[in-house]
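The residues making up each chain are set out below.
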Amino acid sequence: MRHKLRLLILSVFCLIHLGCGNAFKGENTGASQEEDSFLTPISNEEEVLQDLEAPSIPLNLMVNLLETKRISFSWSESTDSGGGEIAEYQIYRDNMFLAAMPSEVTTFTDENLVSDTTYTYLVRAVDTNENESDFSEPLIISTLSEVPPPPLPDTQAPSVPQNLRSTNIGIHEVSLSWSASSDLGGGQLAFYKVYRNGTQIATLAANATQFTDKNLADNTNYTYQILAVDDSNNESARSTSLNLKTLTIPPPPVGSKDIKFSVSSLVFNANTGTRGSAVGDFDNDGRDEFVGEALKIFDWNGSQWISYSVAQSTGHLDRFAGDGEVMDIDNDGYLDIVQTDTSNTGDNGSLVWFKNPKGDLGGKWIKTIIYSWDGSGSNKIRHSEEEVADINGDGFQDIVVRGITTGSWIFINKMNGTFHAPKFLSHNSREGLALADIDKDGDLDIIINGIWFETPNDVVNGNYVLRKIKGMENWYPTSVSTDILRDYAAKVRAVDVNKDGKMDIIISNSEELTAKSPNKPHGVHVFLQPSDFINESWVKVTLDPDHYSWHSLQVKDLNNDGNVDIIASISTVGVDNAPFETKVWQGNGDGSFKTAQVIGSDTGYQGILGDYDGDGYLDYFLPTAFNLGSIRIYRNQSGD
């Protein structure tokens, strides 16, 4: 091919410029020697060659700039091995020719693109003889998404809560409601603040429009206000003030100044265990129902007891469930049941709740697991007791669970019916648990047998400080064997016994299992809080100095005279041969009590108070054992 091309070039050259004629036939045409010398190099060494070699492919395409509507990229220079030079680079986008760049330029910027769109770029080199390289490897790249401009800061306060009103006024509590606020600045409502007499007392969820203030003094004026806070921390003005006065404690009914209970009567003969008990008005009919015996509800219909099963042999609940509590977890206006699903021997279990089927006692109570213990390390639970109360004053009830082996777990409500991961408090084993505001800082502290934990401001992640109760040191031993620690079980309650505005502690030893600790505390006692509750000794009032098996202890006003009374029963759980009896101590309102009266000779395990017949007086619901036996009722006749 090259030979033929060479002849063609020579022929054209001779014809045009020299008139070669027969030059290629070797004939002498009369040309001069100079002309002959011109033709000689062409026929021997020198050739005129045309460049047909393609340039090298552009390599290393890489992005230099990437924006929402612009892409800039570069590549490595191509070379031309055919003797020519690179003339230009051709740019293609999505297989369509886009632009040509001069040979000295190895970058390209594509503008006016569409945001959040993928493009494919190819580049090829072209030399001065119009030879084209193959295309480069494709560069596939997407423009950035459009970022909306940041919203303007919300500086506008929510609307002021309207229509603040009372829905209930009692002797020691008032209930409030109001119309919901709205956020006017484009954000969302975050929470409400509740003020009593100018001081904030509670923080409520954004969906809350009601609040109950408890533990108030009787016959006392209070002023309430509500304000709303949005998610930018803008606060509304406070609502219009609502002035309320709690009711006066009524005088005792004529002829019924002293507490009086009937002889006990049978509620149910339990074949599978009586377990711990709870009480609440589950169907909102104004009468309390009782919970016991493998989670059955017992309802008095006016003539007889009707039982309804909440759980049918679920997990450990048919063996041993500790005590239970009631709370409206889902805020639907019906009390639900909170229970630990644990055994008396194993170390695993769970905290569960059963949803009230809208007051239909015989309906399906749906079980939901709040937390599970796997039995490893400190994450184990054996037997247990629970307390339910609003620990941090946000209007939602929280849960504390104490196991008999490792410590206690605190479950703080997220204000939506679910709970934060529990806060674990490590302390000595066994029983005894109550919640009360010992230090009067507005939150509830955790009280066990002989010590208490001061609740921090950050109830979820803060440090709960252990405080000793001076005068009660021997209720919480720290240097005895694990075997002996088993005997330091207690029932603990906390209430203002002497009406001085400070929480006092009532405690009893609840069981003696080994008889190896004869010097341990025993009996039933009241400890009145001093002015300096940390450094001063609490004043001890002994109600009964003897026995280790007071496994039922309740502290309430039993005859509606405004004074705190105490009822306690001795159980079969113990080895000190105590007489089986239930005693009542009628309070005088100043920290002293009248001589105890024995109201029955039944054994008692986890007795509890509730008004089963709706007459306004608390009756005594008494399981007689933790595993087998009957459930009995003592009707309160103080108002008869």
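Residues numbered from 1 in each chain as written. Predicted model: local features only at pLDDT ≥ 70, side-chain atom pairs only at ≥ 80, totals over all residues. Heavy atoms only, no water.

Q: Explain the nonpolar core to me, please; I cannot follow it from the model alone.
A: Where a protein is soluble and globular, its nonpolar side chains tend to be buried together. If you look at the biggest cluster of nonpolar residues, it comprises 18 residues, and the most contacted ones within it are Leu176, Trp178, Tyr192, Leu204, Phe211 and Tyr224. Of all the secondary structure elements, the ones that give two or more residues to this core are β9 (174–179), β10 (189–196), β11 (199–205), β13 (221–230) and β14 (242–245). Considering each element in turn, this core owes the most residues, 4 residues, to β13. The contact partners of Tyr224, leaving out residues within four places of it in the chain, are Leu164, Val174, Leu176, Tyr195, Arg196, Ile201, Asp213, Leu216, Thr240, Ser241, Leu242 and Leu244. (Core = buried A, V, L, I, M, F, W, Y, C linked by side-chain atoms within 4.5 Å. Buried < 20%, exposed > 50% of the residue type's maximum accessible area, 1.4 Å probe, protein only. Helix = DSSP H or I, 4+ residues; strand = E, 2+ residues; numbered from the N terminus. Contact = heavy atoms within 4.5 Å.)

Q: Got a minute to help me understand the sheet that holds strand β27 (residues 423–426) in this structure?
A: Taking strand neighbours across the sheet as the criterion, the 4 strands line up as β24-β25-β26-β27 in an open arrangement whose pairing is antiparallel. Of all the strands in the sheet, just β24 (384–389) and β27 have a single pairing partner and so form its edges. Recorded for the sheet is a direction-independent mean angle of 20° between the axes of neighbouring strands. Pairing analysis gives 4 bridges linking strand β25 (residues 398–403) to strand β26 (residues 407–411), with the strands arranged antiparallel. Across the sheet, the residue bridging to Val401 is Trp409, located in β26. (Pairing = 2+ DSSP bridges. Axes fitted to C-alpha atoms, helices over the stretch in contact; angles between N-to-C directions.)

Q: Hey, could you run me through the pattern of salt bridges in this one?
A: Side chains that carry opposite charge are capable of pairing whenever their charged atoms lie near each other. Applying the stated criterion to the full structure yields 21 salt bridges. Linking Lys594 and Asp258 is a salt bridge whose minimum nitrogen-to-oxygen distance equals 3.1 Å. Placement of the pair is Lys594 in the loop between β38 (582–585) and β39 (597–600) and Asp258 in the loop between β14 and β15 (265–270), with a sequence separation of 336 residues. Exposure remark for Asp258: the relative accessible area of 46% places this residue in the partly exposed category. If you follow the salt bridges from partner to partner, you end up with Asp330, Asp332, Lys355 and Lys358 in one network. (Salt bridge = Lys/Arg side-chain N within 4 Å of Asp/Glu carboxyl O.)

Q: Explain the sheet that holds strand β18 (residues 296–300) to me, please; I cannot follow it from the model alone.
A: Strand pairing within a sheet occurs via backbone hydrogen bonds; the two strands may be parallel or antiparallel. Ordered by their spatial adjacency, 4 strands build an open sheet running β16-β17-β18-β19, and the pairing between neighbours is antiparallel. Since the sheet does not close on itself, it has two edges, and those belong to β16 (278–280) and β19 (305–309), each with one partner. The average undirected angle you get between the axes of adjacent strands in this sheet is 25°. In terms of strand pairing, β18 meets β19 through 5 bridges, oriented antiparallel. Pairing of Phe298 across the sheet is with Ser307, part of β19.

Q: Sorry, what's going on with empty space enclosed by the protein here?
A: Taking a probe equal in size to a water molecule and rolling it over the atoms shows the remaining empty space. If you walk through the whole model with that rule in mind, you get 2 cavities of 30 Å³ or more. Approximately 40 Å³ is the volume found for the largest cavity. (1 Å grid on protein atoms, 1.4 Å probe; cavity = no way out; pocket = protein on both sides within 12 Å on 5 of 7 lines; lining within 4 Å. Points joined across faces, edges and corners; volume = space filled by probe spheres on them.)

Q: Please explain the side chain of Ser262 as it appears in this structure.
A: Within the secondary structure layout, Ser262 lies in the loop between β14 and β15. Those residues in contact with Ser262 that sit more than four places away from it in its chain are Ile599, Tyr634, Arg635 and Gln637.

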